[in-house]
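The residues making up each chain are set out below.
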Amino acid sequence: MSERPPVLEARRISVVFGGLRAVSDFDLTLSEGELVGLIGPNGAGKTTVFNLLTGVTPLTSGEIRMRSKHGDLVRTDGKKAHAIARLGVGRTFQNIRLFRNLTVLENLLVAMDHLRKTSVLDAVLRTRRFSLEEEAFAARAVELLAVFGLDGKKSFLARNLPYGEQRKLEIARALATGPSLLLLDEPAAGMNPQETQELMRLISFVRERFSLTILLIEHDMSLVMGICERIAVLDYGQTIASGTPEEIARNPAVIKAYLGEETL
Amino acid sequence: MKKKGVDFLLLLAAGAAVFLLIAGLAWIGVIGEFYLQLISTAGIYIIVSLSLNLITGFTGQLALGHAGFMSIGAYTAAIFVMRLGVPLLPSVLLGGAMSALFGYLIGFPTLRLRGDYLAITTLGFGEIIRVVLNNLEGITGGSAGLKSIPGFSDTGDVMLDAIIKFAWIFVFFAVTVAVISNLVRSSPGRTIVSVREDEIASTSMGNDVARYKMLSFTVSALFAGIGGGLYSALFNYLNPSNFNFLYSVNFVVIAVLGGLGSITGTVLGGLIFTFAQEWLRVLKDFRLVVFGLLLILLMLFWQKGIMGSKELSITRILRRILGLGGKKE
Amino acid sequence: MFKKGLILALVLAFVATLLPACAASSNEIAIGTIMPISGPVSAYGTQARDASQMAVDEINAKGGVLGKKLVLYVEDDENSPEKTVNAFNKLVTEKKIVALVGGLTSPCTLSIVGEAQKRKIVLVTPSSTNDTVTDAGDYIFRSCYNDSFQGRVMAKFAGENLSAKTAAIIFDNNNDYSKGLKDSFTAAFTAAGGTVVATESYATGDKDFAAQLTKIAAASPDVLFVPDYYNTVSLIAKQARSAGIEVPMLGADGWDEIANNAGDEVLDCYYSNHYSPDADDAEVKAFVAAFKAKYNVEPNALAALAYDATYMIADALKAAGSTDPEKFKAAMAATDKKFVTGQISFAAGTKHDPVKSAVILKLIAGDAADKPKVTYDATVNP
Amino acid sequence: MDLLLFLQQLLNGISLGSVYALVAIGYTMVYGIVKLINFAHGDILMIGAYCGYYAFTWAQGTASPGLAIAFAFALAMGISALTGVVVEKTCYRPLRNAPRINALITAIGVSIVLENGARVLPFMGPNPRQVRIPEALTGVLQFSGLTISKVQVLTLATSIALMLVLTLFVQYTRTGKAMRAVSHDQQAALLMGISVDRIVSITFAVGAALGGAGGVLFAMNFPMIDPYMGIMPGLKAFVAAVFGGIGSIPGAMLGGLVMGVAETLTKGFISTKLADAVSFGILIVILLVRPAGILGKATREKV
C-alpha cells in the first residue's frame, strides 16, 4: 500500500467548541485509490472531522495537506471550503443538503459551475461560447445521472425525489465537482439492507470508474467491514483504533466503545 | 438552437406588441395621460423590485435599503444632466454604475452577515445615504430637493411626451427583465440560487459563495440605480426624504406580493401595487387602513405571492396560441 | 381556480381603470387642490382643504364664476413629492383643472411647479414659503409671503422690539422650511449688528433635543429662534425650559395653533403669522364665524390662506372673463384686494410673491392655568 | 472639553437610552422566541402613549399624582398587552411556519393598520395632542451644576424597576423558564410538555406591556403625541436590540443605553446633522466586528 502516493494527510488536527474538544489530535493519511471507513458511536466527532477536512469548520490546531492538481501536497488548513473543494474534494452530508428547489439536473450543474470558462457577461448576452458550454455541462451531468439511474428524473425538483434517490443525488452532485477524493457522510443512513447493499455496489463502481479515493463515515459496522480496506475508529474526538477490518473487529477498545454505547 | 431563436423572436414580438398596444391606445386617447404616467411609475417600481428580487428572492439575502441605491442612481443621473450637461442616456447608466459601485463597497464588508443582521445593515446604509444626501446641500439641494430636472423629452405636446417617457421606461424594463432572467437561468445564476438554497452545500461544491453574493448584490444595486435615474427624469424632482425606509419597504412588498424568485410575478406585483394605491383612493381617510389589512390578508392566505417562485412562460403561451407546438421540454 | 379567477378579476379591474374618466361637463369650471390629507402633516392639509371647499361653496351660492359652477377636486399627496406629481397629473389630465390650490409643504409644491408652468395651469400655493417656489414662472403664485421676508421680520423684531444682541437657532435640518427661515433670520440678524451664538439642528421626527439645548444654554443667547411646526416647537419649548433656557423664543407661521398645544413654557414668546383670528377686521370676523359654523373648529392661518387662494382664483377668472390661460394668469397678476390675510397684490415685473404684511403675535397667560393665549403684538410691513 | 457639559450630555443620553432599552426589550423578547422582527412594536409604544394621555387627562385635578401615574401605567400596559396578544393570535400565529419574510411584511401591515387606524379613530385622530403631565412632575432638579428633570428621574427609576422585575421573572418563575426553553429550542420545549402557543402569547403580552410602559414614559418625556410617533423610536429601539444582540434581554438593555448615549454625545460633540448617520454607522461597525451584536451568541449552523 505504501507505494501509492498519499492524497490527504491530516496531522494532529483538533477543534474546540466553547471549551469542548470535539476532535482531538486526529491523524489520518489517505493513499490514492483507498476506501477508508471512519466509524464511531454517535457524537464521536466523525462529521466534525469531515467539516475540518473540507474547510467548513476552521481548525483550532493541526495541519492538513492535500494533493493538488500538480501532484504535490499543499497545506489546506486555513483555506476556504470552496478552495478545498476545487482541489478535488467532493462530499455528501449526513442530513441531506440538496438544493431542494432546483431540479435534479440543476443540482449537478451548480456543482460544475466552478469549472466554467465563460464569464457572467457571456451568460447575460447568451453568447455562442456560453451556449456551447451550457450544453457540454448538461451532457456531462446527464451522463453522471445515468450512472445513478436518475437521468429519467432530471427535471424533477430535488425535494420531490424519494429519500433513497436524494441520497444518490447527493453522491452524483459530489461527483459532478470532478473530485479525486470523495467524502461520504453516512450515505446509507435510513436505507433498508437491500438498498444499502445496492448502494455499496454503486460506490465500488464509481470508485473504479472515476478512480476515486473514498473516505466513508458509517454507523453500521457490518457494512463498513464489508467494503473498506482500512478503518479508523473515533470516540470522544479521539482515534481509539485504526487498521484493517479484521484488526478493528478484534480490538477491545472498539468493542468497549460500541458495547458501552449499546448497554446505555 | 432553432427553438431558442424562435423563442427570442417571439419574446421580442410580444414586447413590441405590448408596447405598441399601450402607446397606441394612449395616442388615440383610450388610455389617459395620467394612467400612462402611472404605468411608467409602475415600470420604475418593477425595475427596482426586480433588482431587489435578485438579491432577496433569488439569492435569499433580505435587503431593506434599496431606496438608498435608487437615490444614488437618481441623484447621480440628475446631477450629470443638470450640472454637467451630459445627455440623459449616459447619465442614467452612470447613475446605475455609481449605485453598483456603492453596492460593491457596501456589500464587501456586510454580505458575510446573515439574515436579519444583513437586513438591518442594509437598512442602516439606506438611512446613512439619505442623511448624507440631505447634507450635501451644494450638490443635492439638501432638504429643499433638486427641482426642474429635465425630463425625457420636451416636444410641447404633452401626450407625445408622456408616450416618450413610457417608451424609455419600457425599454429599460425590457432590458432589466432580459438581463435578470438570462442571469438566473444560467450557470452562474443557478449558483446564485444555490446560495439561497444551501450556502454550505454550495461552498462545498467549489463555489465561492461570497463572490456570488457580491455579484448578485452589485447587479441588484446597478438596476436599482438605473431605476433611480429614470425616476429623476420621470418626476423631475428629487428629495432625500422620499427615499426613506418605508420607501424601501414598498419594493420588498412588491417582490413578496409577486412571488420571491419570480420575475413575471414581480411584474404583476408592481402593476397591482401601483394601481391598488390608486384604486384605494376612493376610500379617502380609510385608504391606508385598508391597504394594511389587504397586505396582512395577502400574507396570511397567499403566502407565496401571486406566482410563488414559478414563472409565467410567455413563450409557451404564445406558442400555444400560435399553434407552434413546442410543449416539449 | 380561485387564483386564476382572482388574477382575471385583477386584470379586468386594471384595464377598466385605464379607460379615461368622463371629462368635466361644460357648465363647470374645475379647480383642484392637492393637500396632505393623510400622513404626519395632515392636520394642516385637512383644514386647508375644508377652507377651499367653503370658499367654493360660497362662490357657487353667489352664482358661481362666468355663469358656471366652480368644482373643487381634492387629491391627497401624503406629503410626498412623488405622490404630488401623480396627483397633479391626474387633476390636469382627468379633471381638466384650470387652477390649483397647493401644495402645502415646499417640497411637494416644488415637485410640480415646472409642470404647472409648462401646462399653463395657474398654481397658487397657500403655504409654501420657500423662496424658490415662484422661480418656475409666471403661472406660479402664492397667497403667503416667503421665507426670506418672514425671517427678516423676526430678525428685525428681535433686534428692535426685544433689543436682542445675541440669538441662538435650533432648526430641522431635513425640512427646507425650517432651514430657509434659519438662513434668512441669520442673515438679517447679523446684518443688523446682532450675533448668532449657536445654531443647532435636528432631524424630522426627533423628540429629544436635550443635547442641542444643553449646548444652547451654555451659549446663553438673548433670544432663541425656533422655526418649525407647533408640535415640534412645543416639545422644544418644554425641554428648553428644563435645560434652563428662560429667554423668549421666537417662531414663524408654523407656530400657528401653538396656544392650543403648549403650556406655560411658551409664555412671552413671539411668532409671525399671516393673520390674527381675533383681529378686529370685517373679513377676518366673517371668515372665522363661517368656518366655525361649518366645521366647528377655529380656522388656523393655513385655512385662511387656502381660503384666500381660492378667492384669488375665482376673482381672477371673473376679471379675465374666460378660462383662457394667458388672460387668467394676467388677471391673477393684477390682483389687488383686501383678503382675510390682508391686502394682497403682486409687484409688476417680479416673481409672483405677494406684497403683504406680517403680524407678530405674542403668547400671554390665559384665563386657565397652563393655557396660554395669543394676542396681537405688532404688524410689520414689507 | 468641558467636563460638566460632558456629564450633562451623558446624563441626557442615559435618560433617553433607558426608554430605548425598554422598547428594545419587546423587540428582543419576541425575536428570541419566534424569530420575528415585530415592526409593529413601535406602534405599541404609540398605543401606550395614548393610554397615558387619557389617564393623565382623566386624573387631572381629581387624583393625587401618584395615583394618576399608577393608573396611566396600568392602563397602558394592560391595553398594550392585549393588543400584542390579539395581533399575535390573529396575524402572526398562522404564519409561524411560513417563510420569515411573510411574517415580516405582515408586521409591516399591522404597523400600517395601527398607525392609520389610530388616525381615523374619532377619539385619537390625526392631530398631535399635548400630554399634560401631573403638576408634581414638572420642573427640574439641580445638583452641582447638573440639571435633571423630575420626569427623567422617574423614567430612569421606572425603567430600572421594570427591567429588574423582568429579569427576575425570566430567571426564576416557571413561565420565565419556559420562555427561555422555547427560545432555546421550540421543538424540544414542545416535547417537554411546554405549551408553546401559551408561552408565545405570554411573551407578546410581556413585550407589549413593556412597550406600552415605554410609551407612557415617552409621552411624559416628550409630551406631544400623534399616531405616527412610534415609527422613529421603534426603529431606533430595534437598532438598539440588534446592537445588543437580538434575542438577549440584557443585550437589549445595554444596546438601548449605548444607543441613547451615542446619539446624545454625537449631537452634543460631533454633529447634530449627521447624528442618525453616526448611530447607524456605529451599529454597522459593531455588527462587522461582532456579527451577533454585543451580547448575542453566534449560532453555529449544524452541518
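For every chain, the first residue of the written sequence is number 1, and numbering continues from 1 along that sequence. The order in which chains are written sets their letters, starting at A; the order in which ligands are written sets their numbers, starting at 1. Only residues with pLDDT of 70 or above have their local features reported here, since the model is predicted, and side-chain atom pairs are shown and tallied only from 80 upward, although totals for entire chains, interfaces and linings are computed over all residues. Neither water nor hydrogens contribute to the side-chain values; these are computed over all heavy atoms in the structure.

1. Some remarks on the packing of helix α10 (residues 301-320) of chain C against helix α11 (residues 325-333) of chain C
Residue and element names in this part refer to chain C.
Okay, step 1: In this description, a line fitted to the C-alpha atoms serves as the axis of each element, helices being fitted only across the stretch in contact, and the angle between N-to-C directions of two axes falls anywhere from 0 to 180 degrees. Put simply, DSSP marks the helices as runs of H or I at least four residues long and the strands as runs of E at least two long, and each gets a number from the N terminus on. Running from N to C, α10 and α11 point in directions that differ by 120°, and their axes come no closer than 8 Å. On the basis of their axis angle, the class for α10 and α11 is oblique. The hand of the α10/α11 crossing is right-handed. Seen from α10, the contacting residues are Met312, Ile313, Ala316, Leu317, Ala319 and Ala320; seen from α11, they are Lys327, Phe328, Ala331 and Met332.
Okay, step 2: For the contact of α10 with α11, the residue count by class is nine nonpolar, no polar and one charged. Orientation labels follow simple angle bins: below 35 degrees gives roughly parallel, above 145 gives roughly antiparallel, 65 to 115 gives roughly perpendicular, and whatever is left gives oblique. The handedness criterion is simple: a crossing whose near helix is rotated anticlockwise from the far helix by less than a right angle is left-handed, and one whose near helix is rotated clockwise is right-handed. Contacts were defined at the residue level, with two residues in contact if any of their heavy atoms lie within 4.5 Å. Under the scheme applied, nonpolar residues are Ala, Val, Leu, Ile, Met, Phe, Trp, Tyr, Cys and Pro; charged residues are Asp, Glu, Lys and Arg; polar residues are all the others, including Gly.

2. As for the interface of chain D and chain B
Okay, step 1: Contact residues are listed per partner, giving 45 residues for chain D and 38 residues for chain B.
Okay, step 2: Both sides together, the interface formed by chain D and chain B hides about 3600 Å², and carbon and sulfur atoms give 79% of it.
Okay, step 3: Each reported salt bridge corresponds to a side-chain nitrogen of Lys or Arg within 4 Å of a carboxyl oxygen of Asp or Glu. Joining chain D to chain B, the criterion identifies zero salt bridges.
Okay, step 4: In the analysis that follows, any N or O atom pair within 3.5 Å is treated as a polar contact, provided that within protein one partner can donate a hydrogen and the other can accept it, and provided that, for residues neighboring in sequence, both atoms belong to side chains. Along the contact surface separating chain D from chain B lie two residue pairs in polar contact (both at pLDDT 80 or more).
Okay, step 5: At the level of elements, α3 (65-92), α4 (100-120), α9 (231-244) and α11 (275-289) of chain D are the ones that each hand at least two residues to the side of chain D that touches chain B.
Okay, step 6: A total of 15 residues in the side of chain D that touches chain B trace back to one element, the largest contributor, which is α4 of chain D.
Okay, step 7: A breakdown of the residues in the side of chain D that touches chain B according to their chemical character gives 31 nonpolar, nine polar and five charged. What gets called buried area is simply the loss in accessible area from a 1.4 Å probe that two parts show on being joined, summed for both.

3. Some remarks on the pairing of strand β6 (residues 166-172) of chain C
Residue and element names in this part refer to chain C.
Okay, step 1: Between buried and exposed lies partly exposed: a residue is buried under 20% and exposed over 50% of the maximum accessible area for its type, with that area taken using a 1.4 Å probe on protein chains only. Where burial is concerned, most of β6 is hidden: seven out of the seven residues are buried.
Okay, step 2: Pairing between strands is defined by DSSP: at least two bridges between them are needed. Two elements, β6 and strand β7 (residues 195-202), share seven bridges in a ladder whose sense is parallel. Looking at the pairing, Ile169 lines up with Thr199 of β7.
Okay, step 3: With the strands aimed away from the viewer, a crossover counts as right-handed if its path from the first strand over the helix to the second runs clockwise. For the crossover that starts at β6, traverses helix α6 (residues 176-191) and ends in the parallel β7, the hand is right-handed.
Okay, step 4: Bridge analysis of β6 against strand β8 (residues 223-225) gives three bridges, and the strand direction is parallel. Across the sheet, residue Ala168 finds its bridge partner in β8, namely Leu224.

4. Let's talk about unusual backbone geometry
Residues apart from glycine generally show negative phi values, whereas peptide bonds are mostly found in trans.
Residue and element names in this part refer to chain C.
Okay, step 1: Cis geometry marks the peptide bond from Gly102 to Gly103, where omega comes out at -10°.
Okay, step 2: Relative to the helices and strands, Gly103 is located in the loop between β3 (99-102) and α4 (106-118).
Okay, step 3: In the Ramachandran plot, Glu78 falls in the positive-phi region, its phi being about 50° despite a non-glycine side chain.
Okay, step 4: Examined against the element boundaries, Glu78 turns out to sit in the loop between β2 (69-76) and α3 (81-94).
Okay, step 5: Phi is positive for Asn296, close to 65°, though the residue is something other than glycine.
Okay, step 6: Topologically, Asn296 is positioned in the loop between α9 (282-295) and α10.

5. A short note on the pairing of β2 of chain C
Residues and elements named next belong to chain C.
Okay, step 1: In the sheet, strand β1 (residues 28-35) pairs with β2 via eight bridges, with the strands oriented parallel. By the bridge assignment for β2, Ile31 is matched with Leu72.
Okay, step 2: Handedness of the β1-helix α2 (residues 42-61)-β2 crossover: right-handed.

6. Focus on the domain arrangement of chain C
Residue and element names in this part refer to chain C.
Okay, step 1: Domain borders in the structure are assigned automatically or taken from a domain database. When the domains of chain C are assigned, the result is domain 1 (10-145 + 280-351) and domain 2 (148-273 + 359-380).
Okay, step 2: The gap between the C-alpha centroids of domain 1 and domain 2 is 30 Å.
Okay, step 3: Contacts between the two partners involve 14 residues from domain 1, matched on the other side by 13 residues from domain 2.
Okay, step 4: Each partner contributes to the roughly 1100 Å² buried at the junction of domain 1 and domain 2, and carbon and sulfur atoms together form 47% of this total.
Okay, step 5: When the buried surface of domain 1 facing domain 2 is broken down by residue, Tyr44, Thr129 and Tyr145 rank first, second and third, together holding 51% of it.
Okay, step 6: Connecting domain 1 to domain 2 are zero salt bridges.
Okay, step 7: Remark: the boundary between domain 1 and domain 2 carries six residue pairs in polar contact (both at pLDDT 80 or more).
Okay, step 8: Of all elements in the fold, only α2, α4 and α10 reach the threshold of two or more residues within the side of domain 1 that touches domain 2.
Okay, step 9: Of the residues forming the side of domain 1 that touches domain 2, the biggest block, three residues, is contributed by α2.
Okay, step 10: Taken together, the residues that form the side of domain 1 that touches domain 2 break down as six nonpolar, six polar and two charged.

7. Some words on a nonpolar patch on the surface
Okay, step 1: A contiguous nonpolar patch, built from Met98, Leu101, Phe102, Tyr104, Leu105 and Phe108 of chain B and spanning about 600 Å² of accessible area, is present on the exposed surface.
Okay, step 2: Its location among the elements puts Phe102 of chain B in helix α4 (residues 88-110). Think of a patch as exposed residues, more than 30% relative accessible area, with no salt bridge, where like charges cluster within 9 Å and nonpolar side chains (Val, Leu, Ile, Met, Phe, Trp, Tyr) cluster within 5 Å. In this description, accessible areas are obtained by the Shrake-Rupley approach with a 1.4 Å probe, and a residue is regarded as covered only by the protein chains that are shown.

8. Notes on the confidence of the model for chain C
Okay, step 1: Confidence scores labelled pLDDT are given residue by residue by the predictor and lie between 0 and 100. Overall, the predicted model of chain C reaches an average pLDDT of 88, with 93% of residues at or above 70.
Okay, step 2: Low pLDDT (under 50) marks residues 20-24 of chain C, which in the prediction has six contacts with non-local residues, meaning those over four places away or in another chain.

9. Re the packing of α2 of chain C against α10 of chain C
Residue and element names in this part refer to chain C.
Okay, step 1: Where α2 contacts α10, the axes come no closer than 8 Å and their chain directions differ by 35°. Classified by chirality, the crossing of α10 by α2 is right-handed. Residue-level inspection shows Tyr44, Gln47, Ala48, Ala51, Ser52, Met54, Ala55, Val56, Glu58 and Ile59 of α2 in contact with α10, the latter providing Leu302, Ala303, Ala306, Tyr307, Thr310, Tyr311 and Ala314.
Okay, step 2: Tallied by class, the residues present in the contact of α2 with α10 amount to 13 nonpolar, three polar and one charged.

10. Some words on the nonpolar core
Okay, step 1: Within this scheme, the nonpolar core is defined by two criteria: the residues are buried Ala, Val, Leu, Ile, Met, Phe, Trp, Tyr or Cys, and they are joined through side-chain atoms within 4.5 Å. Ranked by internal contacts, the top residues of the largest apolar core, which has 372 residues, are Phe287 of chain C together with Phe39 of chain D.
Okay, step 2: No other element matches helix α2 (residues 33-58) of chain B, which puts 15 residues into this core.
Okay, step 3: In this structure, Phe39 of chain D is in contact with Leu64 and Phe245 of chain B together with Tyr27, Leu104, Ala107, Ile108, Ser111, Leu235 and Phe238 of chain D, ignoring residues within four places of it in sequence.
Okay, step 4: In this structure, Phe26, Val89, Leu215 and Ile217 of chain A belong to the second largest nonpolar core, which totals 27 residues.

11. Overview of the pattern of salt bridges
Residues and elements named next belong to chain C.
Okay, step 1: Within the structure shown, the criterion is met by 55 salt bridges over all chains.
Okay, step 2: For Asp183, the salt bridge is made with Lys182, and the minimal N-O distance between the two is 2.9 Å.
Okay, step 3: According to the relative accessible area criterion, Asp183 is partly exposed, its value standing at 41%.
Okay, step 4: A relative accessible area of 15% means that Lys182 is categorised as buried.

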